[in-house]
Amino acid sequence: MDVATRADKKLETWRGIRAAALRLFEERGYAETTVTQIAQAAGVSRGTFFNYFTGKEAVVFDPDPSDRDHWRATMEEHTEDPLWPALTAITLDFVEMLRDRMVLQRRLKRADPDLLRFAQAFGNLFRHDLDEWVRDRQDVDWERGVDGALYVNLAFACATTAYEAWRWDESFEDLLSRLRHCLGTATPAEASRGAVTRGLVGCAGMGRRQSGPELGA
């Protein structure tokens, strides 16, 4: 078996274990599901499970091995686009990539705040690559520490604001809609007229104007 075939087989096993685990978490609940049950559902041994994951929490929070290649390819696709539209597309694509994990991750983080460190490590890796991508662009004077940092920080502020305003009774599509609203409103060109602040406040308020209980992230 050549190297490429072995790598494909490992990726298939990794994804098979995670798919089985997420299915069991949905059916039985996270706390009630054991590593042994996950291994059995995935058709692997407990030893094989631990060759790929350190525990149940890692199944939920570890990035797919292809995630980094995916977001780097997305960045490359938008290299020639103006910076803010490019960051908007990259941010939306990154959140969309987490569709099958984010709802469960949010629920688990609320129940056990210690799990935040897993999500933070993943986000830090994405931020590192995004900073590098912006730094390599010809239209950004990163040395002055203004334009590049401002745009990246603003994109992250939009994502954070949308996430924190995402109510517990809302769907993932609602999160994406709020994120699009934030990114569309908080354009850097409008910052001097106060549109950024108003836009982020309005984005957070989208959920509060709807009927239903007040639910935080």
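All values reported here derive from a predicted model rather than from experimental measurement. (Residues numbered from 1 in each chain as written. Predicted model: local features only at pLDDT ≥ 70, side-chain atom pairs only at ≥ 80, totals over all residues. Heavy atoms only, no water.)

Looking now at the overall build of the protein chain. The helix and strand tally for the protein chain stands at 11 helices and zero strands. Going residue by residue from the N terminus, the α and β elements of the protein chain occur as α-α-α-α-α-α-α-α-α-α-α. Expressed as a percentage of the 217 residues in the protein chain, the buried residues total 41%. Taking the intrachain contacts of the protein chain between residues at least 6 apart in sequence as the baseline, contacts between residues at least 24 apart amount to 71%. Carbon and sulfur atoms make up 52% of the accessible area of the protein chain, which amounts to about 11700 Å² in all. (Helix = DSSP H or I, 4+ residues; strand = E, 2+ residues; numbered from the N terminus. Buried < 20%, exposed > 50% of the residue type's maximum accessible area, 1.4 Å probe, protein only. Contact = heavy atoms within 4.5 Å. Areas by Shrake-Rupley, 256 points an atom, 1.4 Å probe, with all protein chains shown as cover.)

In this section: the packing of helix α6 (residues 83-97) against helix α10 (residues 172-185). The interhelical angle for the contact between α6 and α10, taken along N-to-C directions, is 165 degrees, at an axis separation of 11 Å. Here α10 runs roughly antiparallel to α6, going by the angle between their axes. For the pair α6 and α10, the crossing hand works out as right-handed. Mapping the contact onto sequence places Trp84, Thr88, Thr91, Leu92, Val95 and Glu96 in α6 and Phe172, Leu175, Leu176, Leu179, Arg180 and Leu183 in α10. Looking at the contact of α6 with α10 residue by residue, the classes come out as eight nonpolar, two polar and two charged. (Axes fitted to C-alpha atoms, helices over the stretch in contact; angles between N-to-C directions. Parallel < 35°, antiparallel > 145°, perpendicular 65-115°, else oblique. Left-handed = near helix turned anticlockwise from the far one by under 90°. Nonpolar A, V, L, I, M, F, W, Y, C, P; charged D, E, K, R; others polar.)

On to the environment of proline 188, then. Locating proline 188 in the fold gives a position in the loop between α10 and α11 (195-208). Taking relative accessible area as the criterion, proline 188 reaches 14% and is therefore assigned buried. Once the C-alpha coordinates of proline 188 and alanine 155 are considered, the two residues, 33 residues apart in sequence, prove to be 9.9 Å apart.

How two aromatic rings sit relative to each other is given by the distance of their centres and the angle of their planes. Evaluated as defined, the whole model comprises 13 aromatic pairs. Among the aromatic residues, those joined into a cluster by ring pairs are Trp71, Phe94, Phe122, Phe126 and Phe156. The aromatic ring of tyrosine 30 is capped on one face by lysine 56, whose charged end is 4.4 Å from the ring centroid. Of note, arginine 127 hangs over the ring of phenylalanine 156, and the distance from its end group to the ring centre comes to 4.8 Å. (Phe/Tyr/Trp six-rings, centres within 6.5 Å; stacked < 30°, edge-to-face > 60°. Lys NZ or Arg CZ within 6 Å of the ring centre and 35° of its normal.)

Side chains three or four residues apart in an α-helix point the same way, a direct result of the helix having 3.6 residues per turn. In this model, helix α8 (residues 116-135) (20 residues) spans 28 Å end to end at C-alpha, consistent with the 28 Å of a helix rising 1.5 Å per residue. In this fold, the buried residues of α8 make contact with α4 (56-61), α5 (67-77), α6 and α9 (147-164). (Expected span 1.5 Å × (residues − 1).)

As a rule of thumb, nonpolar side chains are buried together in soluble globular proteins. Counting 32 residues, the largest nonpolar core has Leu87, Phe94, Val95, Met102, Leu130 and Trp133 as the members making the most contacts within it. Going through the elements one at a time, α5, α6, α8, α9 and α10 are the ones with two or more residues in this core. With nine residues, the top contributor of residues to this core is α6. Setting aside chain neighbours within four positions, we find phenylalanine 94 in contact with Trp71, Phe122 and Phe126. (Core = buried A, V, L, I, M, F, W, Y, C linked by side-chain atoms within 4.5 Å.)

Between two cysteines, a covalent bond joining their sulfur atoms is known as a disulfide. Considering all chains together, one arrives at zero disulfides under this definition. Here cysteine 158 is not cross-linked by a disulfide; its sulfur's nearest cysteine counterpart is in cysteine 182, at 5.4 Å. (Disulfide = S-S within 2.5 Å.)

The subject of this paragraph is the confidence of the model for the protein chain. Here the protein chain averages 82 in pLDDT, and 81% of its residues register 70 or above. For the protein chain, α11 is the element with the lowest average pLDDT, namely 50, and helix α2 (residues 35-42) is the one with the highest, namely 97. Ignoring residues within four places in sequence, the model shows residues 190-199, a span with pLDDT below 50, making 10 contacts including any to other chains. Taken as a whole, residues 207-217 scores under 50 in pLDDT and shows 27 contacts with residues more than four places along the chain or in a different chain. (pLDDT = per-residue confidence, 0-100.)

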